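Here's the letter readout for the chains.
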Amino acid sequence: MKKDRFNSRLREYVKQEISPRVEERQFISAIYASFKTVLNNSCIQIGSYPRFTATRPLHDLDILWILGSWNEQSYNPSETLKELDSKIKEEYVNPTDYDLEVSPPQSHSITITFKDKTEEVFSVDVVPAYIFSKNEFNDDTYKVPEILRKGRGKKRTEYYQKLLSEQKEMDWIISDPRGYIEIAKNVNQPNTDFRKTVKFAKTWKNSCKLKDDNFDLKSFHIEQVITSYFQEASSLTIFDALFRFFVNLPQLLETAQIKDRANNDSYIDEYVNNLTRGQKERIIEARDCFLIKLEEFSENDEVENLLDACFYRRASYSEQYLFDFQIPTLLDDSYSFEIFGEVQEREGGFRRFILDKIGFIPIDRKIKFRIKGNPPNVDLFKWKVKNDNSSQEPRGEITDHQTKNDPEHSKYMGNHYVECYAILNETCVAKARQNVKLKS
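Since the model is a prediction, treat every value here as computed from it, not as a measurement.

Definitions and limits used
Residues numbered from 1 in each chain as written. Predicted model: local features only at pLDDT ≥ 70, side-chain atom pairs only at ≥ 80, totals over all residues. Heavy atoms only, no water. Helix = DSSP H or I, 4+ residues; strand = E, 2+ residues; numbered from the N terminus. Buried < 20%, exposed > 50% of the residue type's maximum accessible area, 1.4 Å probe, protein only. Contact = heavy atoms within 4.5 Å. Areas by Shrake-Rupley, 256 points an atom, 1.4 Å probe, with all protein chains shown as cover. Lys, Arg positive; Asp, Glu negative; His and termini not counted. Charge placed at Lys NZ, Arg CZ, Asp CG, Glu CD. Pairing = 2+ DSSP bridges. Axes fitted to C-alpha atoms, helices over the stretch in contact; angles between N-to-C directions. Parallel < 35°, antiparallel > 145°, perpendicular 65-115°, else oblique. Left-handed = near helix turned anticlockwise from the far one by under 90°. Nonpolar A, V, L, I, M, F, W, Y, C, P; charged D, E, K, R; others polar. Polar contact = N/O pair within 3.5 Å; in protein donor to acceptor, adjacent residues only side chain to side chain. Disulfide = S-S within 2.5 Å. Salt bridge = Lys/Arg side-chain N within 4 Å of Asp/Glu carboxyl O. Phe/Tyr/Trp six-rings, centres within 6.5 Å; stacked < 30°, edge-to-face > 60°.

A. The overall build of the chain, seen in detail. Of regular secondary structure, the chain possesses nine helices and 18 strands. Burial status across the chain gives 50% buried among its 440 residues. Put simply, 65% of the contacts in the chain that link residues at least 6 apart link residues at least 24 apart. For the chain, the exposed surface amounts to about 22700 Å²; the carbon and sulfur share of it is 44%. For the chain, the distance from the average site of its 65 positive side-chain charges to the average site of its 71 negative ones is 4 Å.

Given below as structure tokens:
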């Protein structure tokens, strides 16, 4: 599929299937307005929603409650939160038809849950904050409790319990939510593919998390990586940005690399330093599966299939794909071609013949793989020999100009194949396959 067509389909899918609907945005607006009233307008929305990078369905909202200015003394807003708890129960006007449940206030946050009978529909966390300084946009930065770094729900509860058991006080950190909102706005203004790319990648991450709860790639990390791509090249398309993100993902997991806007001594991706080897391998397996599907994507495929999380463990260290060479696959019919396998003569009366489409061949024969007729005018042809994953020698290496062995030698039972890729301007514009099925 040509890039323009691929970009068009990706954009349309994000718009129709991933971005929050009008009624969801209206729901959020009504809830936030109701909290602004009870918090005397001394609050701001934070997180992906005010950056317009949120995906549906929308489940929660974080609100910073501005209590004043920071002056280096020890803060414990628990009493203020208890007062807010009482105020919400007495004065809050619920703009929805859902039942309201206010959780007992923790020392540094309070959670309000909207329920349909017993089922949670939406939740709001109100977290206290103190004005700390100004950023380069002349917007306020804040001191906030470290609980904001701990995700939501169960993770925050576990962190509270950990502090309690260790008899430690909550740390306060510098945060610049307004700065991140401004950056997202400025990056998206010349190119709306920025937010679409972020939403698509985050939806993939969420799909992986549903399949494996131990999948610990962070949404904010994804967003900031993609932000940096569009800051470097404002004309980037959604396809190019997604391809770059997934190709670079293994390197992004090696060590923390992205400094926090509010504190140059801190990294927003610091969590990767604590991921186990198994967790990193799992993320890479999911990434490989996504990129394999992207390589094989055709006009008849559905975009949603790309977001159906899967995990692929390579059968051998030699197994390669075009994305390992940073080569995207965008097929163009004007460069199509075919390949064939010519089985060589062998002593004992075994004659030369051409493999059919199924590719049946006995063991211990030699095969030369060639392009049929006049090859298309491209920069380079790459060849891949892929043995059955269950064979004694799985293989899967990619080489330039010809297969690794010329001729190849049929040795192992199984369903194998050889592929050839036509590379033009560092993009695969056409490919052809010859099946090789070994029988006894």
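B. Focus on the sheet that holds strand S13 (residues 366-371). Strand order across the open sheet formed by four strands is S11-S10-S13-S16, with antiparallel pairing between neighbours. Single-partner strands in this sheet number two, and they are strand S11 (353-354) and strand S16 (408-409). The pairing of strand S10 (residues 339-343) with S13 spans five bridges and is classified as antiparallel. Looking across to S13, one finds that Gly341 is bridged to Phe369.

C. Fine view of the packing of helix H6 (residues 193-211) against helix H8 (residues 238-252). One way to put it is that H6 packs onto H8 with a least axis distance of 9 Å and a crossing angle of 45°. Judged on the interaxial angle alone, H8 and H6 are oblique. For the pair H6 and H8, the sense of crossing is right-handed. When H6 is examined against H8, the residues Asp193, Lys196, Thr197, Phe200, Ala201 and Trp204 are found in contact with a partner set consisting of Ile238, Ala241, Leu242, Phe245, Phe246 and Leu249. Its residues placed into classes, the contact of H6 with H8 shows nine nonpolar, one polar and two charged.

D. Broad picture of the environment of Tyr92. With respect to the element layout, Tyr92 can be found in the loop between helix H3 (78-91) and strand S3 (99-102). Overall, the relative accessible area of 10% leaves Tyr92 in the buried class. Residues Tyr92 and Leu39 lie 53 residues apart in sequence; the distance between their C-alpha atoms is 9.8 Å. Each residue touching Tyr92, except ones within four places of it in the same chain, is listed here: Ile31, Ser34, Phe35, Val38, Lys87, Leu100 and Phe114. Of note is the side chain of Tyr92, whose polar atom sits 2.5 Å from the side chain of Ser34.

E. Focus on the state of the cysteines. The tally for this structure, following the rule as stated, stands at one disulfide. Through a disulfide, Cys289 is tied to Cys310; the S-S separation comes to 1.9 Å. With the S-S bond torsion at -105°, the cross-link from Cys289 to Cys310 turns out left-handed. With Cys289 in helix H9 (residues 277-296) and Cys310 in the loop between H9 and S10, this pair connects stretches of sequence that are 21 residues apart. Look at Cys289 and you get buried, because its relative accessible area is 13%. For Cys420, which is in no disulfide, the shortest distance to another cysteine sulfur is to Cys428 and amounts to 8.8 Å.

F. Local environment of the pattern of salt bridges. By the definition in use, this model includes 33 salt bridges. Across the salt bridge formed by Arg261 and Glu136, the nearest N and O atoms sit 2.9 Å from each other. A residue pair is termed long-range when its members are at least 10 positions apart, and Arg261 in the loop between strand S8 (259-260) and strand S9 (263-267) and Glu136 in the loop between strand S5 (119-134) and strand S6 (140-145) qualify at 125 residues. Between Arg395 and Glu393 there is a salt bridge whose closest N-O contact spans 4.0 Å. Salt bridges linked by common partners bring Asp212, Arg282, Glu285 and Arg313 together as one network.

G. Representation of the sheet that holds strand S17 (residues 414-424) within the structure. The five strands lie next to each other as S12-S18-S17-S14-S15, forming an open sheet whose pairing is mixed. Two strands lie at the open edges of the sheet, namely strand S12 (360-362) and strand S15 (395-400), each paired on one side alone. Each adjacent strand pair in this sheet contributes to an overall mean axis angle of 25°, direction not counted.

H. Here's a closer look at the environment of Ile284. Looking at the element boundaries, Ile284 is found in helix H9. According to the relative accessible area criterion, Ile284 is partly exposed, its value standing at 26%. Between the alpha carbons of Ile284 and Lys439 there is a distance of 34 Å; along the sequence they are 155 residues apart.

I. Here's a closer look at the packing of aromatic side chains. All chains considered together, the criterion is met by 21 aromatic pairs. Taking the centre distance of 5.1 Å and the plane angle of 45° together, the rings of Phe6 and Phe239 count as tilted. Taken as a pair, Phe6 in helix H1 (residues 3-18) and Phe239 in helix H8 lie far apart in primary sequence, 233 residues in all. With respect to burial, Phe6 and Phe239 carry one shared label: buried. Taking the centre distance of 5.1 Å and the plane angle of 75° together, the rings of Phe245 and Phe246 count as edge-to-face. Exposure remark for Phe246: the relative accessible area of 0% places this residue in the buried category. Cluster of aromatic residues (ring-pair linked, three or more members): Phe200, Trp204, Phe215, Phe245, Phe246, Phe290 and Phe311.

J. Quick look at the packing of helix H7 (residues 219-232) against H8. Close contact between H7 and H8 brings their axes to 11 Å; oriented N to C, the two are set at 120°. One element, H7, and the other, H8, form an angle in the oblique class. Where H7 crosses over H8, the handedness of that crossing is right-handed. The segment H7 lies against H8, with His221, Ile222, Val225, Ile226, Tyr229, Phe230 and Glu232 engaging Ala241, Arg244, Phe245, Asn248 and Leu252.

K. Seen up close, the pairing of S5. Sheet topology places strand S2 (residues 60-69) next to S5; eight bridges connect them, and they run parallel. Counted as the bridge partner of Leu61 is Val124 from S5. As defined by bridge partners, strand S4 (residues 110-116) adjoins S5 across seven bridges and the pair is classed as antiparallel. The residue of S5 that forms the bridge with Thr111 is Asp125. Taking the residues between adjacent antiparallel strands as the criterion, S4 and S5 are bridged by two residues, where Lys117 takes a positive phi near 65°.

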